[in-house]
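Structural features, examined
Here's the letter readout for the chains.
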Amino acid sequence: MTRRTTPTEQSPPSSGRRLDSFDRAILRIVQQDARTPQRRIAEAVNLSAAAVQRRIAAMEAAGVIVRNVALVDPEALGQGITSIVQVNLRDERAPTVDAAKALFRARPEVQQCYYVTGGVSFVLVIVTSDMRAYEALTRELFAENDCIASYGSLIALDRVKVDTGIVIPPPG
């Protein structure tokens, strides 16, 4: 005897399949709190807990869910300086760009790093304990780095909004 799946318990998405409305509803919930119990997610999206578990596992395997992390308040740990830094490379050749990416990726103070267009090579978000630590980091990463032509810093006065969630559009 073969078990038939109901519309509410369809197979989870694979890397080649588009996310359906159930997957998107699950993503909306886990983006807000990844520790939400699967039974609560199941109730909210009208699926069984087992179906939710399969869908989450499939989205993790497909790279839709990249990782589950805790968001930490930097000031609670004495990391009170957040800066946004625009970096211009001396040239945009692949070895120069790759070296900069590796350098920025390796530094824990670099919270976010984007390789961008529009007259700037990179935009970074950096978190440090104080201005002295920030100055030491900028010397090491930028001022004493032959690959860097220039850089400019914007120091955040207030963390008005910090969020990692993305808007999950309906399927379409």
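From a predicted model like this one, the values you see are computed outputs, not experimental measurements.

Here we come to unusual backbone geometry. The backbone of Asn46 sits at a positive phi, close to 65 degrees, despite the residue not being glycine. Relative to the helices and strands, Asn46 resides in the loop between helix 2 (38-45) and helix 3 (49-61).

As a further point, take the packing of helix 2 against helix 3. As a packed pair, helix 2 and helix 3 sit with axes 8 Å apart at the nearest point and diverge in direction by 100 degrees. Classified by the interaxial angle, the pair formed by helix 2 and helix 3 is roughly perpendicular. Between helix 2, through Gln38, Arg39, Ile41, Ala42 and Val45, and helix 3, the contact on the second element is made entirely by Ala49, Val52, Gln53 and Ile56. For the contact of helix 2 with helix 3, the class distribution of residues is six nonpolar, two polar and one charged.

Here the focus is the side chain of Asn145. By the secondary structure assignment, Asn145 is in the loop between helix 5 (131-143) and strand 4 (148-155). Assessed through its relative accessible area of 17%, Asn145 is described here as buried. Within polar-contact distance, the side chain of Asn145 engages the backbone oxygen of Leu141 at 3.2 Å. If near-sequence neighbours (up to four positions away) are discounted, Asn145 is found in contact with Leu103 and Glu140.

Our next topic: the packing of aromatic side chains. Counted according to the given criterion, the structure contains four aromatic pairs. Centroid distance Tyr115 to Phe122: 5.1 Å. Interplanar angle 40 degrees. Geometry classified as tilted. Since its relative accessible area comes to 42%, Tyr115 is described here as partly exposed. On the numbers, 4.8 Å between centres and 35 degrees between planes, the contact of Phe142 with Tyr151 is tilted. Ring pairs connect the aromatic residues Phe104, Tyr115, Phe122, Phe142 and Tyr151, which therefore count as one cluster.

Within helix 2, burial applies to Ile41, Ala42 and Val45. For helix 2, the angular spread of buried residues about the axis comes to 100 degrees, placing them on one side. In helix 2, the exposed positions that point more than 90 degrees away from the buried face belong to Arg39, Glu43 and Ala44.

Side chains carrying opposite charge are able to pair once their charged atoms draw close together. All chains considered together, the criterion is met by six salt bridges. Residues Asp91 and Arg93 are paired through a salt bridge, measuring 3.2 Å at the closest nitrogen-oxygen approach. Its relative accessible area of 23% is what places Asp91 among the partly exposed residues. With relative accessibility at 55%, the residue Arg93 sits in the exposed group. In this structure, Arg107 and Glu109 form a salt bridge, with 3.0 Å as the shortest nitrogen-oxygen distance.

Reading the values: the criteria
- Residues numbered from 1 in each chain as written.
- Predicted model: local features only at pLDDT ≥ 70, side-chain atom pairs only at ≥ 80, totals over all residues.
- Heavy atoms only, no water.
- Helix = DSSP H or I, 4+ residues; strand = E, 2+ residues; numbered from the N terminus.
- Axes fitted to C-alpha atoms, helices over the stretch in contact; angles between N-to-C directions.
- Parallel < 35°, antiparallel > 145°, perpendicular 65-115°, else oblique.
- Contact = heavy atoms within 4.5 Å.
- Nonpolar A, V, L, I, M, F, W, Y, C, P; charged D, E, K, R; others polar.
- Buried < 20%, exposed > 50% of the residue type's maximum accessible area, 1.4 Å probe, protein only.
- Polar contact = N/O pair within 3.5 Å; in protein donor to acceptor, adjacent residues only side chain to side chain.
- Phe/Tyr/Trp six-rings, centres within 6.5 Å; stacked < 30°, edge-to-face > 60°.
- Arc of directions from axis to C-beta.
- Salt bridge = Lys/Arg side-chain N within 4 Å of Asp/Glu carboxyl O.

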